[in-house]
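Topology and contacts: notes
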Amino acid sequence: MGVAGLIFDGLLALALAWLAWQSTRAVDLFHAVVSFIVFGLLMALAWVRLEAPDIALAEAAIGAGATGALLLSALDRLATHDARRRLLYEPATAWGFWIPAGGALLGGLTLAAWKLPAPGLGHEVLAALKGSGVDHPVTAVLLNFRALDTLLEIGVLLLAAVTIWSLGRAPSPVAAMPSPALPALGRLLFPVFVLVAAYLLWRGSHAPGGAFPAGAVLGAGAILMRLAGARSWIRSSERGPWRWILSLGLAMMLAAAVTGPLSGQAFFEYPPGTAGPMILLLEVAAGLSIALLLFALYLRGEPRDDGPWPDGQRGDGQREGVR
Amino acid sequence: MTVYLSLAGVLFLIGLHGFFTAGSLLRRLLALNVLTTAVFLLFVVMARLAEPLDPVPHAIVLTGIVVTVSNTAVALALVVRIAGRVRAHPDDAGSGSRGDAG
Amino acid sequence: MIPETTGPVVLFSLPLAAAIVVFIRPRWAVPITLISGAMLLATALWVVVAVLQHGAWRQDIGGWAAPLGIGWTVDGLSAAMLLLNAAVGLAGAVFHAARPAGRTPVRDPRFFWPLWLFLWGGLNALFLAADLFNVYVALEFVSIASVGLIGLAGGSAQAAAWRYLLATLLGSTLYLLGVALLYGRYAALDLALLAEVIEPDLITAVAAALMTLGLLLKAAVFPLHFWLPAAHGRALPAVSAVLSAVVITAAYYWMVRLWFGPFAPLLGPEVATLLGLLGAVAILWGGLLALLQRHLKMLIAYSTVSQLGYGLLVFPLAAAGAVQPAWTGAMTLVLAHGLAKAALFLAAGAIVLRHGIGRFEALGGDQRGAVIAWVAFAIASASLVGLPPTGGFVGKWWLAQAAVATGAYFWLAVLMLGTASTAAYLWRALQAAAQPARVLPDRAPQDRAPQDGPAALSPALGLSALVLALASTALGLAAPIVARLLDAGLAVPG
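Residues numbered from 1 in each chain as written. Chains lettered and ligands numbered in written order. Predicted model: local features only at pLDDT ≥ 70, side-chain atom pairs only at ≥ 80, totals over all residues. Heavy atoms only, no water.

1. A few points about unusual backbone geometry
Formally: Numbering of helices and strands runs from the N terminus; a helix is a DSSP stretch of H or I covering at least four residues, while a strand is a stretch of E covering at least two.
Cis rather than trans, the peptide bond between Phe222 of chain C and Pro223 of chain C has omega equal to 0 degrees. Residue Pro388 of chain C is joined to Pro389 of chain C through a cis peptide bond whose omega torsion reads 0 degrees. Along the chain, the position of Pro389 of chain C falls in the loop between helix 15 (371-385) and helix 16 (391-405). Positioned with a positive phi, Phe268 of chain A is a non-glycine residue whose angle comes to about 70 degrees.

2. Some words on the side chain of Glu140 of chain C
Short version of the rule: Here a polar contact is recorded for every N or O atom pair within 3.5 Å, except that within protein the pair must consist of a potential hydrogen donor and a potential acceptor, and residues adjacent in sequence are included only if both atoms are side-chain atoms. Contacts are assigned to residue pairs with any non-hydrogen atoms lying within 4.5 Å of each other.
Here Glu140 of chain C lies in helix 5 (residues 132-151). A distance of 2.4 Å separates a polar atom in the side chain of Glu140 of chain C from a polar atom in the side chain of Ser172 of chain C. If sequence neighbours within four positions are ignored, Glu140 of chain C has contacts with Val67 and Asn71 of chain B together with Leu169, Ser172 and Lys218 of chain C.

3. Things to note about the packing of helix 3 (residues 53-78) of chain A against helix 2 (residues 25-49) of chain B
This is how the line gets drawn: Interaxial angles span 0 to 180 degrees and are taken between N-to-C directions of axes, which are lines fitted to C-alpha atoms, for helices over the stretch in contact. Here roughly perpendicular refers to angles of 65 to 115 degrees, roughly parallel to angles under 35, roughly antiparallel to angles over 145, and oblique to all remaining angles. Residues are grouped as follows: nonpolar covers Ala, Val, Leu, Ile, Met, Phe, Trp, Tyr, Cys and Pro; charged covers Asp, Glu, Lys and Arg; every other residue, Gly included, is treated as polar.
One can describe the packing of helix 3 of chain A onto helix 2 of chain B by two numbers: an axis separation of 12 Å at closest approach and a directional angle of 175 degrees. By the angle between their axes, helix 3 of chain A is roughly antiparallel relative to helix 2 of chain B. Here helix 3 of chain A contributes Ile55, Thr67, Leu71, Leu75 and Leu78 of chain A to the contact with helix 2 of chain B, which in turn contributes Leu26, Leu30, Asn33 and Val44 of chain B. Residue classes in the contact of helix 3 of chain A with helix 2 of chain B are distributed as seven nonpolar, two polar and no charged.

4. Side note on the packing of aromatic side chains
Formally: Two aromatic rings from Phe, Tyr or Trp, using only the six-membered ring of Trp, form a pair when their centres are within 6.5 Å; if the ring planes differ by under 30 degrees the pair is stacked, by over 60 it is edge-to-face, and anything between is tilted. We count a charge as sitting over a ring when the NZ of a lysine or the CZ of an arginine lies within 6 Å of the ring centre and within 35 degrees of the ring normal.
This model, assessed by the stated rule, comprises 24 aromatic pairs over all chains. Ring centres of Phe267 of chain A and Phe12 of chain C lie 5.8 Å apart, and the angle between their planes is 75 degrees; on these two criteria the pair is classed as edge-to-face. Taken as a pair, Phe267 of chain A in the loop between helix 10 (242-262) and helix 11 (275-299) and Phe12 of chain C in helix 1 (residues 6-24) lie in two separate chains rather than in one. Put simply, the rings of Phe267, Phe268 and Tyr270 of chain A together with Phe12 and Trp72 of chain C touch in pairs and so form one group of aromatic residues. Above the face of the Phe19 of chain B ring, Arg28 of chain B is positioned so that its terminal group lies 5.9 Å from the ring centre.

5. Some remarks on the pattern of salt bridges
Where charged atoms from two side chains of opposite charge approach closely, those side chains can pair. Defined as follows: When a carboxyl oxygen of Asp or Glu is within 4 Å of a side-chain nitrogen of Lys or Arg, the pair counts as a salt bridge. Under the scheme applied here, a residue whose accessible area is under 20% of the maximum for its type counts as buried, over 50% as exposed, and between as partly exposed, the area being computed with a 1.4 Å probe on protein chains only.
The final tally for this structure, using the stated rule, is eleven salt bridges over all chains. The shortest N-O distance in the salt bridge between Asp60 of chain C and Arg58 of chain C comes to 3.0 Å. Overall, Asp60 of chain C belongs to the partly exposed group, its relative accessible area being 27%. The partly exposed category is assigned to Arg58 of chain C, whose relative accessible area is 32%. Across the pair Arg185 of chain C and Glu199 of chain C runs a salt bridge whose closest N-O atoms are separated by 3.3 Å. Here Arg185 of chain C, found in helix 6 (residues 156-186), pairs with Glu199 of chain C, found in the loop between helix 7 (191-197) and helix 8 (202-219); they are 14 residues apart in sequence, far enough to count as distant. Three or more residues are tied together by salt bridges with common partners; here these are Arg146 and Asp149 of chain A together with Asp131 of chain C.

6. Some remarks on the interface of chain A and chain B
The line we're drawing: By convention, the term buried area covers the 1.4 Å-probe accessible surface removed from two parts as they join, with the contributions of both added.
In this assembly, 89 residues from chain A lie in contact with 73 residues from chain B. Both sides together, the interface formed by chain A and chain B hides about 7,400 Å², and carbon and sulfur atoms give 76% of it. Joining chain A to chain B, the criterion identifies one salt bridge. Between Glu51 of chain A and Arg48 of chain B there is a salt bridge, with the nearest N and O atoms lying 3.0 Å from each other. Remark: the boundary between chain A and chain B carries eight residue pairs in polar contact (both at pLDDT 80 or more). Those elements giving two or more residues to the side of chain A that touches chain B turn out to be helix 1 (2-25), helix 2 (29-49), helix 3, helix 4 (95-114), helix 5 (122-128), helix 6 (137-145), helix 7 (147-167) and helix 11 of chain A. Taken together, the residues that form the side of chain A that touches chain B break down as 56 nonpolar, 16 polar and 17 charged.

7. As for the pairing of strand 1 (residues 57-60) of chain C
Residues and elements named next belong to chain C. To be explicit about the condition: Only when DSSP finds a minimum of two bridges between them are two strands counted as paired.
By the alternation rule, side chains of strand 1 split into Trp57 and Gln59, which are all buried, and Arg58 and Asp60, of which none is buried. Where strand 1 and strand 2 (residues 71-74) come together, four bridges link them in antiparallel fashion. In the sheet register, Trp57 faces strand 2, and the bridge partner there is Val74.

Below you can see the structure in the form of structure tokens.
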């Protein structure tokens with residue numbers, strides 16, 4: 001596999017570098033965004049080559065899928081308002097600056113990274129794996145050893161949704177239906193998405209998978225359905241259930257974290273023997289949360305009961321509403 | 001591994017260059033995403049180099065991907081709302097302040 | 001007997017839980033926030049007392065010790081910061097709740113409360129953290145909450161929020177790259193663990209540089225301060241208060257944690273002098289720009305750029321040998337600045353509400369309805385300038401002692417020049433109150449005069465500012481206790 005692998009890696013790396021270059025330098029914004037999406041997909045391949053299948057799944061669904069959808073939908077609004085202003089001080093874009101500076105930076109970083117001994121914590125994780133409640137090391141790290149990071153990260157997702165809601169209303173969905181086959185295809189595919197997500201979720205306890213890839217796939221499926229013309233159910237009304245459902249992930253993680261001190265142990269320490277079931281419960285909650293919040297992020301605004309404003313007429317952000 | 005390590009460095013450079021020389025708000029965001037991908041690549045390469053395979057950087061990168069998409073979503077929601085306003089004053093450096101906040 | 005480890009748990013979980021409740025039921029937002037705020041203030045006080053009595057401690061989250069798990073550091077400095085956060089959080093919440101409805105443009109008032117509580121929780125997580133990647137996630141948490149809060153003011157504040165977002169994201173990414181290099185070298189993310197194993201080699205130096213650069217961006221230190229004046233000047237008063245007082249301080253706090261912790265072997269004279277010089281330029285440049293401002297809130301925002309420079313003086317002074325006075329002085333100064341700056345922003349908010357416009361020409365004349373606010377402004381200014389017996393005075397006194405003890409008269413001169421410029425621009429602001437009333441001919445639509453008379457403004461607006469200003473003064477009066485608290489540290493260098 002040696003030489004063939006090396007050639008594959010080399011070609012992949014070249015493609016990735018070129019696509020990254022395209023996404024930052026291409027003149028046409030649409031070209032840039034599409035390059036970025038393909039960049040994400042090829043990165044998923046790179047993660048597989050680096051033996052990181054969990055990350056590959058998440059990158060394909062979130063990095064390429066959800067981010068791509070977000071970018072394209074924003075591009076719709078931006079293409080007519082492309083702001084070519086400079087917000088930051090721009091050093092000379094001349095090659096005379098970037099080639100030597102870039103070369104020095106690249107050299108310095110590569111030199112520093114080259115000498116990395118990379119001892120890693122693999123031994124420690126494997127040693128503690130038995131007491132963690134799951135068999136898959138990455139899941140053990142995410143939901144037991146470093147569960148606080150995961151809690152904060154679900155918090156970041158919820159916070160991002162709340163922030164986006166605070167900025168204004170969700171714009172109306174894309175009006176044009178590119179192909180009549182899309183809704184039919186969507187209806188066919190969505191159960192597959194749900195099945196794959198459930199499978200990944202269940203699989204996470206003993207193999208690559210878990211809440212993140214599952215939530216990512218489900219969220220991507222929801223976005224696909226929206227693109228295929230489905231109407232979003234989510235409403236921001238305080239009387240409806242959606243605010244509860246979106247907050248469920250973070251709420252459950254907080255509740256699980258607090259059971260520790262309540263039973264005389266450390267914060268976020270699972271009561272003895274319950275680590276497995278609790279992790280499964282948290283995985284389900286986190287997975288659902290990730291899926292729904294990704295979809296809420298895609299809506300790019302607060303989905304109110306009385307429908308979104310017509311796109312472009314009132315203009316989100318120009319309405320200085322006073323309640 | 002050399003290949004991916006170099007790739008990480010190159011991506012970092014492309015991202016940095018793109019960030020500082022971008023003319024469009026959206027492109028700055030894309031450059032930032034490329035930048036974070038470069039950092040994730042470094043993490044995973046190190047995980048791969050460790051003996052046995054180190055799962056902690058994998059967890060870190062998974063968390064990082066979700067945080068990045070959250071940031072991107074907020075940034076896009078913001079960009080879309082200020083883009084309309086910005087067109088009216090192409091060289092406006094921000095009203096109400098005197099100083100070097102240009 | 002409730003163990004003291006419960007304190008940090010409450011400080012972390014309560015704001016987040018309250019934020020969720022307030023998100024689900026906005027109707028109860030104000031009472032829930034105020035009650036939670038009071039509980040958080042009490043808990044923070046309890047933690048401070050616990051540290052004073054028992055010394056610092058460390059908590060392992062999930063029962064897993066480093067390097068596998070994440071930890072929390074509860075020592076004098078973090079306890080003090082948690083208390084600062086609680087004080088500003090509660091005062092800001094009271095201020096915002098007391099604002100007259102329908103006067104100033106707010107994007108959507110319903111979303112202020114969950115964002116406020118989320119920011120509170122994120123900042124607490126940041127002050128408690130002892131793990132480098134945990135810090136990254138907490139920093140992102142704080143950034144997004146801040147962006148949301150800034151954007152609530154609508155209009156041009158959203159452009160300011162965008163610049164802040166870009167700057168802070170770039171900072172986070174640089175920081176994360178540094179963390180990656182450190183992890184690759186040492187396979188450890190915990191502060192205490194790293195401090196034991198670190199060696200001053202190339203990789204560590206590069207990592208330290210990257211992480212510091214990222215934090216400098218977030219702390220708006222010269223020359224990376226471009227995003228701050230607009231963001232802090234245009235936001236709602238309560239938001240500006242927490243941003244200038246706590247969010248900036250959190251970034252500075254992490255610089256100090258890193259350089260007096262794991263990176264201490266790298267803190268050579270060149271690095272220390274460089275950081276000190278950045279601080280010195282920030283003090284003078286920020287002060288100069290503040291003098292040129294004609295809008296009250298912009299003046300205070302530029303003052304933040306200037307004041308944080310004092311904090312950076314701890315590096316050269318400590319590296320030169322006067323560690324104890326430099327540390328105590330800088331931390332006391334930063335705490336006093338936090339309280340005073342928040343008081344200034346809240347007072348300015350009340351004043352602008354009273355007069356309808358923030359430009360100096362309009363602030364004269366009848367001050368009924370804003371008297372408490374102006375008094376608060378004056379007291380807070382005294383602390384910022386460094387008049388005895390305020391906290392600002394104590395901090396600068398310690399720093400001056402450190403400078404004299406090490407013969408570093410350059411830094412002493414910077415200190416005095418900075419104090420002079422601070423006095424100058426704050427005096428200018430106070431004088432605006434004494435000028436006769438003037439009706440400005442061309443009022444922009446958003447600078448509407450208040451429809452009701454000055455009596456319609458709640459006294460709580462000025463009172464929230466006054467309490468913070470008095471707290472900043474009390475910090476000076478309680479100087480010995482503060483010094484003892486700051487000593488109870490895992491981070492104080494030997």
